[in-house]
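Inside the fold
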Amino acid sequence: MTQIDLPQLSLQRYADLLRRRRWQLVPIVLVGLVVGAVIAFMIPRYYVAEALVEHQEIASEMTKGENPFARIVDSAEQTIKLAVGEAMAALKWPEAALADPARRLQEEAKVRAHLRVWDSNAGDRTRTYALIRVEYRDTDGRRAADFANALVDSWIAGRVAKLRSSHAEQLQLANTAFSEWDRTYEQYLREKQELEVRYRIRPDLDPRTQQDDHRLRQAAHLELRQRGRDLAKECEARGAEGEQLRAQLALVPERTQPTAIAIQDTIRVAAAARLRAAVASAPENAKGAIQGLTAATLGRPEIAPLLTQLQVAQAGIAAWKVGTRERARLERDTQRLLLLVCAALGITLDADGTIPNPAHSDIALRLTDAIKAASLAAGELQRVTAELAAEARQIEDFAEGFRLLESKRKDVATAEQKRSDAATWAQNQSTYLAKLEQRLPVQPLQRATPPPTPTDPNILVVSLIGAVLGLGIAIGLVLLMDLLQGTFKTMEEVERALGLPVLGGLSHMETDAERTVAHRSRRRAGFGVFALMALVVLVVVTWYRAPTRLPGFVRDLLTLLLGN
């Protein structure tokens, strides 16, 4: 059988192998058990000291959800480990006095490796406080308890100092914010009052009432604007009328022949000119006053017959041909009557025998009236325009004032709310500081005491693991020994290795002497193992039942291995 043709492994083959090697397996297993016990004995054991800390609720550090203390516990797990250096310095350990910072940090890291912090009552969903358990392992029980207590005391002192410092800082920030918002509120209030004075907004009246008045002023402003448009149209119409009268005036001659009709028109125009100043205050009666004055003038006893004769004479002249005697007589009579009428009426004839054209004078008077009316309309339009501009500025200022005042009122309300929030914030921080003075939110609930015996790791578990490992190594050695041997064990191995059928087999024939020696050696090994196991069981039972019957060194060894 070569090393290349190794036998196939199977459960049945391994069982046969163990059955054949059982007397070789027993001492190897005993060696494995001894090795496991030695390993368990050589592993260093630690004293475990535990301290319990109670942490009450802190509103600023609470979280929402099923575990409101999660943030507090997470912070504690981190910060407690950071207080290792302070605890070492408080206990005056030599490691804390090292001058090299790197070595000191390494020593602190070693201590942190033996430290464990966890939430002890995390499963209680209705809890009102968190129980934080601090566990420290050390080879010295007194040292472990002292360090656990010093660590808890250092952390609690730092935690309380941090809470006080945090709330004191928050209180200072709140007072600063209150002062700033108070100044801002006063400033906004002054600016609001300045806006009320500047835009003439009365603070004692309802703003809606003032806004209604503002809308009425806007309606009046619209009416005034319509009045301005009407005046502009009137000025335009008066201007057009004046231009038209100027055009007519240019076409009408200033002098005309003194006919009766022209004299009557001249009398009316003169009467109108004299009465224009008198009836200026009552323009609606001007036409009637002119007609009355004209009738009174023409109704004089000496005027009416003369005008009638003049009109008849002038009408009769047209009936005669030029150059006839009768026409010349009528012309002389007409000239005489004309002089009498002009003398009676105060009308002066020009050298060419013409008088002022009443139509020209009438158009001139109408043009004067139109120019005056246009001037008055332009003046009224200018006044209305100025009033519109002033009123528009007032309305715009009033609207702008209300807009600015509304914005400033919002600023005042915001500043007042911020000031109130800052006051509430300061009051809450003062309350927190007062509660910290009355009762600390973090207190040691249970102090660590020196454990009587080391408890970590569990020596029984370590011994059992070592024994199992030893047994596995023993079984593996037996299998390795069987694989390394170059002999055939079964007929199947012969057929597989040589490729030839096996015709028969012959068992190993032992002599009586060999059988006797083998039987005696096996009996001695079995008795030795049984005696050793019985002795171990007897010692362990005696140690549990009556340890005083055992020698001192045996009790110390078992106490070290099995604990108290």
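Structure report, in brief. All residue numbers here refer to positions counted from 1 along the written sequence of the relevant chain. Residue-level local features of this predicted model are given only where pLDDT is at least 70; pairs of side-chain atoms are given and counted only at 80 or more, and the full residue set underlies all totals for whole chains, interfaces and linings. The side-chain quantities take in all heavy atoms of the structure and omit both hydrogens and water.

Quick notes on the overall build of the protein chain
Short version of the rule: Starting at the N terminus, helices and strands are each numbered in turn, a helix being any DSSP run of H or I of at least four residues and a strand any DSSP run of E of at least two. Only protein chains enter the accessibility calculation, which uses a 1.4 Å probe; a residue is then buried when its area is under 20% of its type maximum, exposed when over 50%, and partly exposed in between. Residue contacts are defined here by distance: any two heavy atoms, one from each residue, within 4.5 Å place the two residues in contact.
Tallying secondary structure elements over the protein chain gives 16 helices and 6 strands in all. Relative to its 564 residues, the protein chain shows a buried fraction of 29%. Sequence separation of at least 24 residues holds for 77% of the intrachain contacts in the protein chain that already meet a minimum separation of 6.

Observations regarding the side chain of Asn149
Looking at where Asn149 falls in the secondary structure, it is placed in helix 6 (residues 141-198). Once residues within four sequence positions are removed from consideration, Asn149 is found in contact with Ala51, Arg447 and Ala448.

A word on the pattern of salt bridges
Stated precisely, the cut-off is as follows: For salt bridges, the criterion is a side-chain nitrogen of Lys or Arg within 4 Å of an Asp or Glu carboxyl oxygen.
If you walk through the whole model with that rule in mind, you get 17 salt bridges. Here Asp146 and Arg142 are joined by a salt bridge, their closest N and O atoms 4.0 Å apart. Taken as a pair, Asp146 and Arg142 lie in helix 6 at a separation of 4 residues, close to a single helical turn. The salt bridge partner of Arg419 is Asp182, with a shortest N-O separation of 2.8 Å. You can see Arg419 sitting in helix 12 (residues 358-438) and its partner Asp182 sitting in helix 6, a full 237 residues away along the chain.

A short note on the packing of aromatic side chains
The following threshold applies: In summary, the pairing rule links any two rings of Phe, Tyr or Trp, Trp by its six-membered ring, whose centres are within 6.5 Å, and it sorts them by plane angle into stacked for under 30 degrees, edge-to-face for over 60 and tilted for everything else. A ring is considered to have a charge above it if a Lys NZ or an Arg CZ atom is located within 6 Å of its centre and within 35 degrees of its normal.
Under the definition given, this model contains 2 aromatic pairs. Ring centres of Trp93 and Phe147 lie 5.0 Å apart, and the angle between their planes is 25°; this geometry places the pair in the stacked category. Residue Trp93 is located in the loop between helix 4 (84-90) and helix 5 (101-113), and its partner Phe147 is located in helix 6; the two are separated by 54 residues in the primary sequence. You'll find Trp93 and Phe147 in the same group, each marked buried. Arranged with centres 4.5 Å apart and planes meeting at 45°, the rings of Tyr136 and Phe147 form a pair that is tilted. With Tyr136 in strand 3 (residues 129-138) and Phe147 in helix 6, the pair connects residues that are 11 residues apart, well separated along the chain. Among the residues examined, Tyr136 registers a relative accessible area of 2% and is labelled buried. Put simply, the rings of Trp93, Tyr136 and Phe147 pair up and form one aromatic cluster. If you follow Arg143 out to its NZ or CZ, it ends over the ring of Trp93, 3.5 Å from the centre.

Structural notes on unusual backbone geometry
Notably, Lys92 is not glycine yet its phi reads approximately 60°, a positive angle. By secondary structure assignment, the location of Lys92 is in the loop between helix 4 and helix 5.

Description of the environment of Ala373
Here Ala373 lies in helix 12. On a C-alpha basis, the gap between Ala373 and Glu234 in space is 9.2 Å, while along the polypeptide they are 139 residues apart.

A closer look at the sheet that holds strand 3
To be explicit about the condition: At least two DSSP bridges between two strands are needed for those strands to be called paired. Think of each axis as a best-fit line through the C-alpha atoms, taken over the contacting stretch in the case of a helix, with angles from 0 to 180 degrees between the N-to-C directions.
Read from one edge of the open sheet, 4 strands run 2-3-1-6, paired in antiparallel fashion. Of all the strands in the sheet, the pair left with one neighbour each is strand 2 (115-119) and strand 6 (442-446). Adjacent strand axes in the sheet meet at a mean angle of 25°, parallel and antiparallel pairs treated alike. Where strand 1 (residues 47-56) and strand 6 come together, 4 bridges link them in antiparallel fashion. Bridging across to strand 6, Leu52 finds its partner in Gln446. Against the sheet, helix 3 (residues 70-82) touches strand 1, strand 2 and strand 3, its axis set at about 170° to strand 2. Running at roughly 20° to strand 1, helix 6 makes contact with strand 1, strand 2, strand 3 and strand 6 of the sheet.

So, a nonpolar patch on the surface
The cut-off we apply is this: Residues enter patches when their relative accessible area tops 30% and they take part in no salt bridge; the joining distance is 9 Å for like charges and 5 Å for the nonpolar side chains Val, Leu, Ile, Met, Phe, Trp and Tyr. A 1.4 Å probe and the Shrake-Rupley method give the accessible areas. Residues count as covered only by the protein chains that appear here.
Together, Val461, Ile465 and Leu469 line one region of the surface with nonpolar side chains, adding up to about 280 Å² of accessible area. Looking at the element boundaries, Ile465 is found in helix 13 (residues 459-484). Looking at Ile465, the relative accessible area reads 48%, which means it is partly exposed.

Thoughts on the packing of helix 6 against helix 12
Using the following cut-off: Here the angle decides the label: under 35 degrees means roughly parallel, over 145 means roughly antiparallel, 65 to 115 means roughly perpendicular, and every other value means oblique. In this scheme, a crossing is called left-handed if the near helix is turned counterclockwise away from the far one by less than a right angle; it is called right-handed if the turn is clockwise. Amino acids are sorted into nonpolar (Ala, Val, Leu, Ile, Met, Phe, Trp, Tyr, Cys and Pro), charged (Asp, Glu, Lys and Arg) and polar (every other residue, Gly among them).
Contact geometry of helix 6 with helix 12 gives a least axis separation of 8 Å together with a crossing angle of 160°. Taken together, the axes of helix 6 and helix 12 are roughly antiparallel relative to one another. Viewed along their axes, helix 6 and helix 12 form a crossing whose handedness is left-handed. Taken together, the residues of the contact of helix 6 with helix 12 break down into 23 nonpolar, 6 polar and 12 charged.

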